[in-house]
Amino acid sequence: MPTLDAAALQDLCSRLLEGVGVNLSDANFTATALVASNLRGVDSHGVALLRYYLEQLEAGDMEPRAEPELLHQSGCTALVDGHNAIGQLVARFATEQAISLAMEHGCGIVSARHSNHFGAAAFWVQRINAAGLIGIAFCNASPVVAPWQGKDGRLGTNPICFGVPGASPFLLDMATTTVAANKIFNAHTRGETAIPSGWALTSDGLPTTSVEEAYRGLLNPLGGYKGSGLAVMVEMLCGVLSGGAISSELGGIRFRGKPVDVSQFFLALDPKCFLAPGEYEERALRLTQMLKATAPATGYDEVLVAGEPELRNEAQRRREGIPLADDTWQSLQLWAARLGVPFPTPSD
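Note that the structure is a prediction, hence the values are computed from the model and not measured.

(A) The arrangement of the nonpolar core in detail. In this structure, Leu9, Leu16, Leu50, Phe266 and Leu324 are the most contacted members of the largest nonpolar core, which totals 66 residues. What Phe266 contacts, discounting residues up to four positions off in sequence, is Ala91, Ala94, Thr95, Ala98, Gly108, Ile109, Val110, Phe118, Trp124, Ile136 and Ala137. Listed in part, the 14 residues of the second largest apolar core include Val145, Ala200, Val211 and Ala231.

(B) Highlighting the sheet that holds strand S7 (residues 171–174). Taken together, the seven strands give an open sheet; going across it, the order is S2-S3-S4-S11-S5-S6-S7, and neighbouring strands pair in mixed fashion. Each having just a single partner strand, strand S2 (69–74) and S7 make up the two edges of the open sheet. Across the sheet, the mean angle from the axis of one strand to that of its neighbour is 10°, orientation sign disregarded. When strand S5 (residues 134–139) meets strand S11 (residues 262–269), the two strands line up antiparallel, connected through six bridges. In the strand pairing of S11, Gly135 is matched with Ala268. Against the sheet, helix H4 (residues 87–105) makes contact with S2, strand S3 (77–81), strand S4 (107–115) and S11, and its axis sits at roughly 160° relative to S4, the strand it touches most. Running at roughly 100° to S11, helix H8 (residues 225–242) makes contact with S3, S4, S5, strand S6 (160–163) and S11 of the sheet.

(C) Looking closely at the packing of aromatic side chains. Applying the stated criterion across every chain yields a total of 10 aromatic pairs. For the ring pair Phe29 and Trp124, a centre distance of 6.0 Å and an interplane angle of 40° mean the geometry is tilted. One end of the pair, Phe29, is in helix H2 (residues 24–39); the other, Trp124, is in helix H5 (residues 121–130), and 95 residues separate them in sequence. There is no split in this pair, since Phe29 and Trp124 are both buried. Counting every residue linked through ring pairs, the aromatic cluster contains Phe29, Phe118, Phe123, Trp124 and Phe266. The aromatic ring of Phe29 is capped on one face by Arg92, whose charged end is 4.4 Å from the ring centroid. Positioned above the aromatic ring of Tyr52 is the side chain of Arg254, whose terminal nitrogen or guanidinium carbon lies 4.4 Å from the ring centre.

(D) Molecular detail of unusual backbone geometry. Positive phi is not limited to glycine here, since Asn158 has a value of about 40°. At Ser247, a residue that is not glycine, the phi angle is positive and equals roughly 50°. Within the element layout of this structure, Ser247 appears in the loop between H8 and S11.

(E) Quick look at H2. Here H2 is 16 residues long and its end C-alpha atoms lie 22 Å apart, about the 22 Å a rise of 1.5 Å per residue gives. Across the 16 residues of H2, 12 count as buried, placing the element largely inside the fold. Residues of H2 that are buried make contact with helix H1 (6–19), helix H3 (50–59), H4, H5, helix H10 (308–320) and strand S12 (322–323). For H2, the N-terminal capping position is held by Asn23, with its side-chain oxygen 3.2 Å away from the main-chain nitrogen of Ser25. At the C-terminal side of H2, Gly41 shows a positive phi close to 85°.

(F) Quick peek at the pairing of S6. Note that S5 and S6 share four bridges and pair antiparallel. Note that in S6 the partner of Ile136 across the bridge is Phe162. As defined by bridge partners, S6 adjoins S7 across four bridges and the pair is classed as antiparallel. If you follow Phe162 over to S7, its bridge partner there is Leu172.

Conventions we followed
- Residues numbered from 1 in each chain as written.
- Predicted model: local features only at pLDDT ≥ 70, side-chain atom pairs only at ≥ 80, totals over all residues.
- Heavy atoms only, no water.
- Core = buried A, V, L, I, M, F, W, Y, C linked by side-chain atoms within 4.5 Å.
- Buried < 20%, exposed > 50% of the residue type's maximum accessible area, 1.4 Å probe, protein only.
- Contact = heavy atoms within 4.5 Å.
- Pairing = 2+ DSSP bridges.
- Helix = DSSP H or I, 4+ residues; strand = E, 2+ residues; numbered from the N terminus.
- Axes fitted to C-alpha atoms, helices over the stretch in contact; angles between N-to-C directions.
- Phe/Tyr/Trp six-rings, centres within 6.5 Å; stacked < 30°, edge-to-face > 60°.
- Lys NZ or Arg CZ within 6 Å of the ring centre and 35° of its normal.
- Expected span 1.5 Å × (residues − 1).
- Polar contact = N/O pair within 3.5 Å; in protein donor to acceptor, adjacent residues only side chain to side chain.

Here you go:
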């Protein structure tokens, strides 16, 4: 498996984005956000997505130089129009608004419409946490999930992310489906034939382990009706609240001729509104330590909290480089040749 260090991979992705009309600053930021996911071991939301972004930009389904706009602000809330800009640029603008509002009011709530795929939700919550704030991010997504008891796609994977400031590593970033859609799509791209049971359904709503059937079918909601309910909650706070596209009105990053048109929701909360400065961070760390002090169950060496595996991956990949799946490597090579971008030599 080819390996690149983070700086070389980021530079390559930035140059490719520039090649399809994105300005240097925005290309650098978008590349940074994607590579951050690879560093954390979340490869499904890293540079594997770049081929689709490039296709969207070339086809005119996403605007390379559009800028998000603050439509209005009321108290601690704000509404943003992404104007079909790159999702990472819309999310950056929206999180900056949420942080600013939280600094002024103690809480900042921002809804953004007419956006695009923004990578991993954790990246945005980490930015909120870095400002000393509790962070929440939601996003609606392409309708590849049927509502509970249905067999037609009406909901997305609709991720939920929550993170805290301070030394606690707790950072929950999860789809409201059993797995993220990109795990199915990537398996299909790599030519794999089988996936674990419980990941997906056929187009008739029946369980399947076939990659092909899953690719043409539906994702399984997490925990049945509970995951389906959580997905509806996310849709209510994203597409419905923002005035953006909802349910089957959304497009998809793998399909041309229509903008993705997702909406996003960001919440930043200042814990100093409740506790003395630093007290929340101390208590959050104490809770984490209490959880980790639990005796591990049979088959496990330790108790991990959400966010810990990703922190360990990042430390390792910063030392050893980022391994890239063959299909991702080949896609980057093809785009580099097409756009006349120098291709780096792998470090392995």
